[in-house]
Amino acid sequence: MRYTAIILLSLILFACNTKEEKENAKKNAAPKEKIVVEFGFKLNDFKVIHDTIQSGDSFGKILSEQGFDAAKVHQINETVKDSFDVRDIRIGKAFTLLQDKKAPNSLQAFIYQPDKMSYYVVDLRDSIPVAYKKERPVVVKRRAIAAEIDGSVSSTLSREGVSTALAPELSKIYAWSIDFFKIKKGDKFAMIINEKYLENGEYLGVESIEASYFEYKGKKIYAFPFKREENSKKTDYYDEEGKVLKNMFLKAPLKFVNITSRYTRSRFHPVQKIWKAHNGTDYAAPTGTPIMTTASGTVEQTGYTGGNGNFVKVRHNSTYTTQYLHMSKILVRRGQHVQQGQVIGKVGSTGLATGPHVCYRFWKNGIQVDPLRQKLPNSEPLEAKYKSKYLAYIAPLKQELDKVSSVKFEE
């Protein structure tokens, strides 16, 4: 019995020692190398050099610095030119060199990244080089946001972690219903957006807007994109009742600038130093800023006068005409048909002007009027045959918008 107990005790001690040895071995083991795969290569197998194209760099120069002689560089260029135009390499763009670990400075592959979405590979591992282009996988994520304007629309979007490139897109959607020059602190908006990310989580921006609203002058102005026909390329924006947002006229001929002088019957002229009527609306902007025609029409007149400077006058129909003054450059000619939003000139300070701006003038039935006080005609409304389909489509989107805004603004 005593011998049995000794044997059992020995087995227990042996098992404990074995377990302890395994634990110690696990602790002392070298950490496992993390496998890194990018551009279709296992980077662990190469010496990796990341760099950017500098002034004076070329594909040939980079290859030369990697030990290729002039004849080999020419051969590679000729072999890959149909798949990769080496002349398209641009300063500031990223590239990666994959070198052989066992033979230092032996280049195995060259990867050029013209943008975040794609890259070119020149594979040099075989006797005949191979070049090809690849698109990076993109992940689209949907989210709803609500925010209160504090500063500009762009800065408010930035605080919400949204690409500021969305600001001009919003200005296009609401160009007929919101005067973005009058947006002020405290105005609110909400939107449902789809955003693009690379697989590594890098943010690429907004892919599309599913729904939005701006609370402007105390009223919510909804915008829902809708195609009348499923295969149609044209998308229009409508409000919650199916009324089209697009009007015959844009609210202003510029984007994101300041009104410095309004239409008035009595204003002290800053150059002539006399009191006189100001029959236009002045929008200040840097020289060279694009000036858009506010509605489609035909260029009735272009030219120069001492007071107006370079100007363009557009007749839209038998009722409405607009004029754009003080341009630095005229980009259209008399008799030319122009589309709403088309750039017809550039902001300047020609004629009687103290600084760069465009004076926007507006005629109705031959009489100059204040465009900001006009009730201007809409474009075609949504036809009755599409309305029930549209209202059913937007119902859950509107509910989602209202929910996210109520949560945000009741916090």
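Refer to the structure above for everything that follows.
Residues numbered from 1 in each chain as written. Predicted model: local features only at pLDDT ≥ 70, side-chain atom pairs only at ≥ 80, totals over all residues. Heavy atoms only, no water.

Asker: Please set out the overall build of the chain residue by residue, giving values where relevant.
Answerer: Each helix and strand in the chain was counted, giving 6 helices and 24 strands. In the chain, buried positions account for 41% of the 411 residues. Within the chain, contacts between residues separated by at least 24 positions form 61% of all contacts whose residues are at least 6 apart in sequence. For the chain, the computed accessible surface area is about 23,400 Å², with 51% contributed by carbon and sulfur atoms. (Helix = DSSP H or I, 4+ residues; strand = E, 2+ residues; numbered from the N terminus. Buried < 20%, exposed > 50% of the residue type's maximum accessible area, 1.4 Å probe, protein only. Contact = heavy atoms within 4.5 Å. Areas by Shrake-Rupley, 256 points an atom, 1.4 Å probe, with all protein chains shown as cover.)

Asker: Tell me about the packing of aromatic side chains, residues and numbers included.
Answerer: Under the counting rule described, the total for this entry stands at 22 aromatic pairs. Between Y174 and F214, the ring centres sit 5.2 Å apart and the planes meet at 75 degrees, which makes this aromatic pair edge-to-face. In this pair, Y174 is assigned in the loop between α5 (166–173) and β9 (188–198) and F214 in strand β10 (residues 203–216), connecting sequence segments 40 residues apart. As far as the burial class goes, Y174 and F214 line up, both buried. (Phe/Tyr/Trp six-rings, centres within 6.5 Å; stacked < 30°, edge-to-face > 60°.)

Asker: Please provide a residue-by-residue account of unusual backbone geometry, values included.
Answerer: For F39, which is not glycine, the phi torsion reads 60 degrees and is therefore positive. Residue F39 is classed as buried on the basis of its relative accessible area of 5%. Unlike most non-glycine residues, H326 shows phi in positive territory, near 70 degrees. Assignment of secondary structure puts H326 in strand β20 (residues 320–330).

Asker: I'd love a proper account of the sheet that holds strand β6 (residues 118–123), names of residues and values included.
Answerer: The sheet built from 5 strands is open, its strands ordered β3-β4-β5-β6-β7 with antiparallel pairing. With partners counted over all chains shown, the strands left at the sheet margins are β3 (46–52) and β7 (130–135), one partner each. Here the strands of the sheet are splayed against their neighbours by 20 degrees on average, with no regard to which way each runs. As paired strands, β6 and β7 are joined by 6 bridges and run antiparallel to one another. In the sheet register, Y119 faces β7, and the bridge partner there is K134. (Pairing = 2+ DSSP bridges. Axes fitted to C-alpha atoms, helices over the stretch in contact; angles between N-to-C directions.)

Asker: Can you break down the pattern of salt bridges residue by residue, with the values?
Answerer: Under the defined criterion, the tally for this structure stands at 17 salt bridges. As a salt-bridge pair, R136 and E38 come within 3.7 Å of each other at their nearest N and O atoms. Taken together, the residues R136 in the loop between β7 and β8 (138–148) and E38 in strand β1 (residues 37–38) connect sequence positions 98 residues apart. Relative accessible area serves as the criterion here: at 28%, E38 is assigned to the partly exposed category. One salt bridge connects R143 with E195, and the closest N-O pair in it is separated by 2.6 Å. With R143 in strand β8 and E195 in strand β9, the pair connects residues that are 52 residues apart, well separated along the chain. (Salt bridge = Lys/Arg side-chain N within 4 Å of Asp/Glu carboxyl O.)

Asker: Report on the pairing of strand β22 (residues 343–347), specifying residues and quantitative values.
Answerer: The two faces of the sheet receive side chains in turn, since in a regular strand these alternate between them. When strand β17 (residues 290–292) meets β22, the two strands line up antiparallel, connected through 3 bridges. Paired with P290 across the bridge in β22 is K346.

Asker: Before we move on, could you go through the side chain of Q113 and cite the residues and values that matter?
Answerer: On the secondary structure map, Q113 appears in strand β5 (residues 107–113). For Q113, a relative accessible area of 17% corresponds to the buried category. Those residues in contact with Q113 that lie beyond four places of it in its chain are F39, K93, A94, F95, T96, S118, Y119 and R136.

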